[in-house]
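Analysis of the macromolecular model
Chain residues, written in single-letter form:
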Amino acid sequence: MSKIAKLFKGSSSSSSSSSSKSKHHRSKGGPSPQEAIHKLRETEEMLTKKQDYLEKRIEQEIMIAKKNGTKNKRAALQALKRKKRLEQQLTQIDGTLSTIEFQREALENSHTNTEVLKNMGFAAKAMKQVHENMDIDKIDDLMQDITEQQDVAREISDAISGPFGETYDEDELLAELEELEQEELEDSLKSMGGLPSVPRSKLPSAKPSHRATTKKRVEEDDDMRMLESWAT
């Protein structure tokens, strides 16, 4: 055997061995969730198209049966038999589609849960890495220092905003102000000549006279008599 033949033989054998290894590796690892979901969607589309085809065939067989009717009874019966077989196939496809849809949804949910858990684990690692540089005791000391400084700042603010100099009793000041107002009121009344005198004569009474009362009673009696005459 020539060297060229040996070379080609060796290359072919090496390529075949590498391809067999790749096939073995692929079969061992299995398809990814995305690939499986894609295949299931393709199967659903194919079965949906088959459903449309069977529904059209069923309509055609019904038209053939109606067309022949009693004229060609044999052809009509054959059309109805074909319709029954097509309906059975359509029922089987409906069940298969339901199973595939359930499997695809379960696979999608599993894939989603896997991605969620993966991201949660990634976030947990990041949080752990952040907390590695933190000391709980140091954090407590820091919070205590912050609280103490806030108390100091509050005391300083209260001291700054407090009044300076002498303090006065506010009740005494209000009493003194009331006395001054009373004196001012008395002075103004004196300047006006004092309070106006109250009249000694009696004011006229607001009661109605006896004549007006008698006249009003007579008018009411006339009205009542008029109402009684209407009633009778």
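Residues numbered from 1 in each chain as written. Predicted model: local features only at pLDDT ≥ 70, side-chain atom pairs only at ≥ 80, totals over all residues. Heavy atoms only, no water.

Some words on the confidence of the model for the chain
How we decide: The quantity called pLDDT is the predictor's confidence in a given residue, expressed from 0 to 100. Here a helix means four or more residues in a row that DSSP labels H or I, a strand means two or more in a row labelled E, and each is numbered from the N terminus. The contact criterion used is simple: two residues touch if any of their non-hydrogen atoms lie within 4.5 Å.
Summarising the model, the chain shows a mean pLDDT of 78, and 69% of its residues fall at 70 or more. Per-element averaging of pLDDT across the chain places helix α1 (residues 3–29) at the bottom with 47 and helix α2 (residues 33–68) at the top with 92. Across residues 1–27, confidence stays below pLDDT 50; counting only partners more than four residues off in sequence or on other chains, it has two contacts.

Concerning the nonpolar core
It is characteristic of soluble globular proteins that their nonpolar side chains tend to be buried jointly. To keep things clear, this is the line we draw: Throughout this description, the term nonpolar core refers to a set of buried Ala, Val, Leu, Ile, Met, Phe, Trp, Tyr and Cys residues connected via side-chain atoms within 4.5 Å. Only protein chains enter the accessibility calculation, which uses a 1.4 Å probe. A residue is then buried if its area is under 20% of the maximum for its type, exposed if over 50%, and partly exposed in between.
Ranked by size, the top nonpolar core spans nine residues in total: Leu40, Leu47, Leu54, Ile58, Leu86, Leu90, Ile93, Leu97 and Ile100. Among the elements that make up this core, the one with the highest residue count is helix α3 (residues 73–131) (five residues). Ignoring sequence-local partners within four residues, the contact set of isoleucine 100 consists of Leu40, Thr43, Glu44 and Leu47.

Describing the side chain of glutamine 51
In this structure, glutamine 51 sits in helix α2. We classify glutamine 51 as buried; its relative accessible area is 14%. Those residues in contact with glutamine 51, other than ones at most four positions away along the chain, are Leu90, Ile93, Asp94 and Leu97.

Here we look at the packing of α2 against α3
Packed helices, taken two at a time, are described by the angle their axes make and the gap between the axes. Applied cut-off: Interaxial angle, 0 to 180 degrees, is taken between N-to-C directions of lines fitted to C-alpha atoms, where a helix line uses only the stretch in contact. Oblique is the label for every angle not falling under 35 degrees (roughly parallel), over 145 degrees (roughly antiparallel), or within 65 to 115 degrees (roughly perpendicular). Left-handed is the label given to a crossing in which the near helix is rotated counterclockwise from the far helix by less than a right angle, and right-handed is the label when the rotation is clockwise.
α3 packs onto α2 with a crossing angle of 160° between their chain directions and a minimal axis gap of 8 Å. Accordingly, the angle class assigned to the pair α2 and α3 is roughly antiparallel. Our pair here, α2 against α3, has a crossing hand that is left-handed.

Quick look at the pattern of salt bridges
So the rule is basically this: Salt bridges, as used here, are contacts in which a Lys or Arg side-chain nitrogen is within 4 Å of a carboxyl oxygen on Asp or Glu.
Tallied over the full model, the rule gives eight salt bridges. With its nearest N and O atoms 2.7 Å apart, the salt bridge here joins glutamate 108 to arginine 41. With glutamate 108 in helix α3 and arginine 41 in helix α2, this pair connects stretches of sequence that are 67 residues apart. Through salt bridges with shared partners, a single ionic network connects Arg41, Glu44, Arg104 and Glu108.

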